[in-house]
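Descriptive analysis of the structure
As a plain string of letters, each chain reads:
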Amino acid sequence: MFAVSTKARYGLAAVVELALNYNKGHIQIRDIANRQGIPKHYLEQLLLILKKSGFVKSFRGAHGGYSLAMAPEQIKVLDILTCLEGDLEIIDLTGKKDNLYFFWRKVEEKILSSFDLTLEKLMLEKKRYEGVLSYNI
């Protein structure tokens, strides 16, 4: 069964948190951890990976923190997931092709295309979704 790892979920949540605050200064790691429910020490490891890959930058000191290294419209969800997980293989299609290869290939393409959106578009979808859910009469 296909499942997104905790590493990918937490890493993407942290990057989205940074994207929501883009151009508003940097955010301290404890604030990201608290807002997203991510263990602080695990988040530190994830942000280090993302920093080495050029997606985030860090600021030292008592008022230090993290911010995106580029604009949200320049970062794709797929790039973040690949950074954290390596090449995404949804279904093992190596080796002998079975008679349903065409079907599994199509499934994999659809799943990967779902991840092929920018952080900016993901944030817009998040806001639309939350707007629908927060409707009050």
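Fair warning: this is a prediction, and the values are worked out from it, not measured in the lab. (Residues numbered from 1 in each chain as written. Predicted model: local features only at pLDDT ≥ 70, side-chain atom pairs only at ≥ 80, totals over all residues. Heavy atoms only, no water.)

The sheet contact formed by strand S1 (residues 56-59) and strand S2 (residues 65-68) spans four bridges and is antiparallel. Looking across to S2, one finds that Val 56 is bridged to Leu 68. (Pairing = 2+ DSSP bridges. Helix = DSSP H or I, 4+ residues; strand = E, 2+ residues; numbered from the N terminus.)

There is a patch of nonpolar side chains on the surface, built from Leu 100, Phe 102, Phe 103 and Trp 104 and spanning about 410 Å² of accessible area. Following the sequence through the fold, Trp 104 ends up in helix H5 (residues 101-114). (Patch = residues over 30% accessible without salt bridge, like charges linked within 9 Å, V, L, I, M, F, W, Y side chains within 5 Å. Areas by Shrake-Rupley, 256 points an atom, 1.4 Å probe, with all protein chains shown as cover. Salt bridge = Lys/Arg side-chain N within 4 Å of Asp/Glu carboxyl O.)

Topologically, Asp 98 is positioned in the loop between helix H4 (77-85) and H5. Owing to a relative accessible area of 45%, Asp 98 belongs among the partly exposed residues under this scheme. In this structure, the C-alpha to C-alpha distance between Asp 98 and Val 16, residues 82 residues apart in sequence, is 39 Å. Of the polar contacts made by the side chain of Asp 98, one reaches the backbone nitrogen of Leu 100; its length is 2.9 Å. (Buried < 20%, exposed > 50% of the residue type's maximum accessible area, 1.4 Å probe, protein only. Polar contact = N/O pair within 3.5 Å; in protein donor to acceptor, adjacent residues only side chain to side chain.)

Its location among the elements puts Gln 28 in the loop between helix H1 (6-20) and helix H2 (29-36). Reaching out from Gln 28, the side chain makes a polar contact with the side chain of Arg 30 at a distance of 2.9 Å. Only 2.9 Å separates the side chain of Gln 28 from the backbone oxygen of Ala 62, close enough to count as a polar contact. Setting aside chain neighbours within four positions, we find Gln 28 in contact with Ala 62, His 63, Gly 64 and Gly 65. (Contact = heavy atoms within 4.5 Å.)

With 13 residues, helix H3 (residues 40-52) extends 18 Å from end C-alpha to end C-alpha; this agrees with the ideal 18 Å at 1.5 Å per step. For H3, the set of buried residues is Leu 43, Leu 46, Leu 47 and Leu 50. One face of H3 carries all of its buried residues, which in axial projection span an arc of 100°. Structural note: H3 exposes His 41 and Lys 52 on the side pointing more than 90 degrees away from its buried face. On its buried face, H3 sits against H1, H2, S1, S2 and H4. Gly 54, located one to two residues past H3, shows a positive phi value of around 85°. (Expected span 1.5 Å × (residues − 1). Arc of directions from axis to C-beta.)

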